[in-house]
Each structure stands twice: as structure tokens, then as C-alpha cells.
Amino acid sequence: MAAPGENLRINGDRLWETLVQMAKVGPGVAGGNNRQTLTDADAEGRALFQSWCEAAGCSMGLDALGNMFATRAGTDPDALPVYVGSHLDTQPTGGKYDGVLGVLGGLELLRTLNDLDIKTRHPIVATNWTNEEGARFAPPMLASGVFAGVHAQDWAESREDAKGLRFGDELDRIGWRGDEPVGARKMHAFFELHIEQGPILEAEGKDIGVVTHGQGLSWTQVTITGKDAHTGSTPMPMRRNAGLGMARVLELVEEIAWSHKPDAVGAAGHIDVYPNSRNVIPGKAVFTVDFRSPDLGVIKDMEARLKVGAQKICDDMGLGVEFEVVGGFDPVTFDPTCVSAIRDAAERLGYSHRDIISGAGHDACWINQVAPTAMIMCPCVDGLSHNEAEDISKQWATAGADVLLHAVVETAGIVE
Ligand code: HGY
Ligand code: MN
Ligand code: MN
């Protein structure tokens, strides 16, 4: 399809203002956001997004897991829509742009087409995926995973948060369960704009990341059991310290990840010890090991070495250990045609760009299984994300949304 002219640009000030307004919903304690999925703050953010989309003349669809779909009609009602979007839910100490830029960049795209009265053959749909973060309800990208047929809907609805609340019950409580069957919608293509959440683009002075691949992820929950005992009166040789066992396993995780440098990474972000009392030796430790690599063989090697090594550590210490896979997906190769549309758009618009592998997981990683998919990244300050100090510039946001606009409009086809 014909490419749009390089003078076709979004309204960067208006995009930035929507980011500022959305950031006021579910504020964090340190300047970021705590708008966790299926909380009242999430509901408030959804309502704000819906009001903006309806004011832009879109019709809002909602599926049974709360995925939101704002449709701008195309000239050919039989043409499958081009979808854009990301997620509005945040980490507990999240930033203002992770996910949000992709959802509101999609809204800005629709607003710009309205301003210029541009008609496209394919409809365009701006999307908000439920529970991308997986912080409150593991695993991440949960609702897009059901949409892509990777997870069963009833399994997703059974996921519980730390207080034992069920995903499905919380979705009903906030009133954002729709009627549409999850995954019934078919897509012509899907594009996701997202901050890099890493240091490469800023360090290289690049405006745009053309995401060709996404690294794979493995989440293994490890439960180590020892024996609660008095920290004062229990002789050292008698102790069965689950907290110490966890510390040694976490050292092993670090060693395994470094053994596959420079691309592999490993850490545990979720850590609980029980009873977590200052004068009780922990009798139980539960933590989730997060391994990632662009190479599936490396991920499988890291998972295997974790199990063997942790088992030996615990056997030597007289501790019990159990493993449960609680999330994961294989490395992703995005659609070459969509990737080229993004690269050509950046070139046409005069934005510096480089191909990049996504370090983080995204809804696009699952949607890539059911539709031609690709991602656009913009830099973020110091590569920092999943931190309330996450920051981007208006220029970076504007460049990313301009490229999104061009790639989508070229794919959706401008009707003269
Ligand atoms: O875990 C991830 O990579 C994503 O931020 N949910
Ligand atoms: Mn994200
Ligand atoms: Mn995130």
C-alpha cells in the first residue's frame, strides 16, 4: 500500500497531555504509578481511556477478560482491522509510560486521523490488554495470552493475588467484564509502541528501536522448607534455615545467568520468607526466579541448572525444595513485513533508528502467534523502568507515535 507523506505527524503536545492526565490515576508514592490490574485505580484508568476513545468517535468493545478495543471504522467493513495498543496496568512501583505510551499512542493516532479526515480501508482498533504486568496476578501478559489461545480462560480467572483474591472475582468487582468471547476477534496486524525499558537507544542516541525479536522468559517459583526456630537459643548446627538456603540459591541464579553473558539475565523479584519475624529462623522461603535470553536453548539450560543446583544446595542443608513453573514464553521473531513498515516509517520521518531485541515481555509477544505483529520502541532515561523514576521525553514519545502512525496507516491503506 502507498506510504503516507513524511509531513503526516501526530500532535505531540496532545499525546503528552494525555500521558500527564493518565499518570494522575493511581499515583505512586514517588512520582510514578501504582495502578495495578483490576484495582479501583485500574477501573478509573479504563474509564478515562474509554471516555477519550468515545469522544474520538470510536466504538468500544470489551471481552470477557476486560480487554478493551476502541474501533475507528474503515471504508471496507469486511477488511480485518489493524490493531494497536499495549497495557494501562502498572507495577506497584511502576512508571508513567510503561504500557501507557502504547495505549495512548494508539489513541493519538486515531485523533490525528480524525483531525486530518484521513480514511483507511481497514478499520483501526486501539487496545488495552488486561494484566500485562503479572505483578498482582502471575503470569504476565495473562489476558493477551488467553486471547492468543496460550492460556485457558478459566485458568486465568483462577489466578490469585497475595491476599487470595481471584482474578475473575476482581474483574467482576470492578465491573469491567465484557460479553465478547476472548480471542474471537481476528486481526490484519498488530503494532505495539513501548518504551525500551533498557539503556541501548539512549546510549546510542537513537530515536526509534525497530523490534525484530523479543527474548524469551522463564518464571520458576521455588519453595524451600526448613524449620522455624528461635534465632537466639538454637545452636547453629541444629538450624534448618530456609532463608539461608534461598540466599545460596540466589547466588546460584546470578552465577548461571553470568555464565551465559552477555545476553542472558537472571534474578528473583518476588521473595517471601515465613514467618518473617525478627527472632525466628525462617522455616519457609518462596521466591520466583526470572531467567531470560533470546536463545531458547540457553533458557532451558538455565532452568535445568537451577533445579539441579538448588536441589543439591537444599539436600546438603537438610532443606526441602519444590519447583513450579509459573510463567514463561519462548523467544519471539516478529513479522518481517510489519518490521519493515516500522523501519521504513522511521527512515521516511527522518528519525534515527536501529534494530533491537526486546528485553522485556509484551502483549505483542503473544499476539504474534495469531496475527502479523511488530513493536516500536522509544528510549527511556538511563534505561530505567519498573521504577517510579521511569522517564521519557516528549520528543521520544512523539517520534514513537509518529512511526506508529505511519506503519499503521500504510498497513491499513489510505483511501483517497
Ligand atoms: O515481565 C515483563 O517483561 C513485562 O514487563 N511484564
Ligand atoms: Mn509493559
Ligand atoms: Mn512492565
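A brief report on the enclosed structure follows. All values derive from a computational prediction rather than experimental measurement.

## Re the coordination of the manganese ion (ligand 3)
Ideal geometry at a metal gives 109.5 degrees between four tetrahedral donors and either 90 or 180 degrees between six octahedral ones.
Here comes step 1: Protein coordination at the manganese ion (ligand 3) comes from Asp98 (OD), Glu133 (OE), Glu133 (OE) and His386 (NE2), with a distance range of 2.1 to 2.5 Å.
Here comes step 2: Here the donor residues of the manganese ion (ligand 3) share one chain and are spaced in sequence as D-x34-E-x252-H.
Here comes step 3: Between the manganese ion (ligand 3) and the manganese ion (ligand 2), the interatomic distance is 3.4 Å, and Asp98 donates to each metal, bridging them. Taken together, the residues span a long stretch of sequence, with Asp98 in the loop between strand S3 (82–86) and helix H3 (100–115) and Glu133 in the loop between strand S5 (124–128) and helix H4 (142–147) at a distance of 35 residues.
Here comes step 4: When its relative accessible area of 5% is taken as the criterion, Asp98 is described as buried.
Here comes step 5: A residue is classified by how much of its surface remains accessible, and Glu133, at 5% relative accessible area, is buried.

## Focus: the layout of surface pockets
Here comes step 1: Of the volumes computed, that of the second largest pocket is approximately 150 Å³.
Here comes step 2: What lines the second largest pocket is a set of 12 residues, among which Thr337, Cys338, Ala341, Glu410 and Thr411 lie closest to the centre.
Here comes step 3: For the lining of the second largest pocket, the secondary-structure elements that each account for two or more residues are strand S6 (189–195), helix H10 (336–349) and helix H12 (394–412).
Here comes step 4: Tallying contributions element by element places H10 first for the lining of the second largest pocket, with four residues.

## Here we look at the packing of aromatic side chains
Here comes step 1: Counting across every chain of the model gives eight aromatic pairs.
Here comes step 2: Taking the centre distance of 5.7 Å and the plane angle of 25 degrees together, the rings of Trp16 and Tyr97 count as stacked. With Trp16 in helix H1 (residues 12–23) and Tyr97 in the loop between S3 and H3, this residue pair connects regions lying 81 residues apart in the sequence.
Here comes step 3: Cluster of aromatic residues (ring-pair linked, three or more members): Phe69, Tyr83, Trp129, Phe147 and Phe190.
Here comes step 4: Here the guanidinium or amino end of Lys284 rests over the ring plane of Tyr274, the centre of that ring lying 4.8 Å away.

## Remarks on the sheet that holds strand S12 (residues 284–293)
Here comes step 1: With respect to topology, four strands assemble into an open sheet ordered S10-S12-S8-S13, the strand pairing being antiparallel. Each edge of the sheet is formed by a strand with only one pairing partner; in this case those strands are strand S10 (265–274) and strand S13 (320–329). If you compare each strand with its neighbour and ignore which way they point, the axes differ by 15 degrees on average.
Here comes step 2: Sheet topology places strand S8 (residues 216–225) next to S13; nine bridges connect them, and they run antiparallel. In the strand pairing of S13, Thr223 is matched with Glu322.

## Some points on the nonpolar core
For soluble globular proteins, nonpolar side chains are generally found buried alongside one another.
Here comes step 1: Ranked by size, the top nonpolar core spans 98 residues in total, and within it Phe49, Leu104 and Phe191 carry the most contacts.
Here comes step 2: With 11 residues, the single largest contributor to this core is H12.
Here comes step 3: Residues in contact with Phe191, not counting those within four places in the same chain, are Val82, Tyr83, Val84, Gly85, Cys338, Ile342, Ala374, Leu404, Ala407, Val408 and Thr411.
Here comes step 4: Grouped together as the second largest cluster of nonpolar side chains are 23 residues, Ala264, Phe287, Met302 and Ala310 included.

## A closer look at the side chain of Ser218
Here comes step 1: Mapped onto the secondary structure, Ser218 falls in strand S8.
Here comes step 2: Within the structure, Ser218 has its side chain in polar contact with the side chain of Glu303 (distance 2.6 Å).
Here comes step 3: Contact partners of Ser218, with chain neighbours within four places excluded, come to Val289, Asp290, Phe291, Ile299, Glu303, Gly327 and Gly328.

## A few points about H3
Side chains of residues three or four places apart in an α-helix project in the same direction, reflecting 3.6 residues per turn.
Here comes step 1: Helix length check: H3, at 16 residues, gives a terminal C-alpha distance of 22 Å against a target of 22 Å (1.5 Å per residue), a fit within 8%.
Here comes step 2: Asp117 sits one or two residues past H3 and shows a positive phi near 50 degrees.

## A look at the coordination of the manganese ion (ligand 2)
Here comes step 1: Listed as protein donors to the manganese ion (ligand 2) are His87 (NE2), Asp98 (OD) and His194 (NE2); their distances from the metal cover 2.1 to 2.3 Å.
Here comes step 2: Sequence spacing of the donors to the manganese ion (ligand 2): H-x10-D-x95-H.
Here comes step 3: Accessibility expressed as a relative area gives 1% for His194, which makes it buried.

Definitions and cut-offs
- Residues numbered from 1 in each chain as written.
- Chains lettered and ligands numbered in written order.
- Predicted model: local features only at pLDDT ≥ 70, side-chain atom pairs only at ≥ 80, totals over all residues.
- Heavy atoms only, no water.
- Donors = N, O, S within 2.8 Å, 3.2 Å for Na, K, Ca; no water.
- Helix = DSSP H or I, 4+ residues; strand = E, 2+ residues; numbered from the N terminus.
- Buried < 20%, exposed > 50% of the residue type's maximum accessible area, 1.4 Å probe, protein only.
- 1 Å grid on protein atoms, 1.4 Å probe; cavity = no way out; pocket = protein on both sides within 12 Å on 5 of 7 lines; lining within 4 Å.
- Points joined across faces, edges and corners; volume = space filled by probe spheres on them.
- Phe/Tyr/Trp six-rings, centres within 6.5 Å; stacked < 30°, edge-to-face > 60°.
- Lys NZ or Arg CZ within 6 Å of the ring centre and 35° of its normal.
- Pairing = 2+ DSSP bridges.
- Axes fitted to C-alpha atoms, helices over the stretch in contact; angles between N-to-C directions.
- Core = buried A, V, L, I, M, F, W, Y, C linked by side-chain atoms within 4.5 Å.
- Contact = heavy atoms within 4.5 Å.
- Polar contact = N/O pair within 3.5 Å; in protein donor to acceptor, adjacent residues only side chain to side chain.
- Expected span 1.5 Å × (residues − 1).

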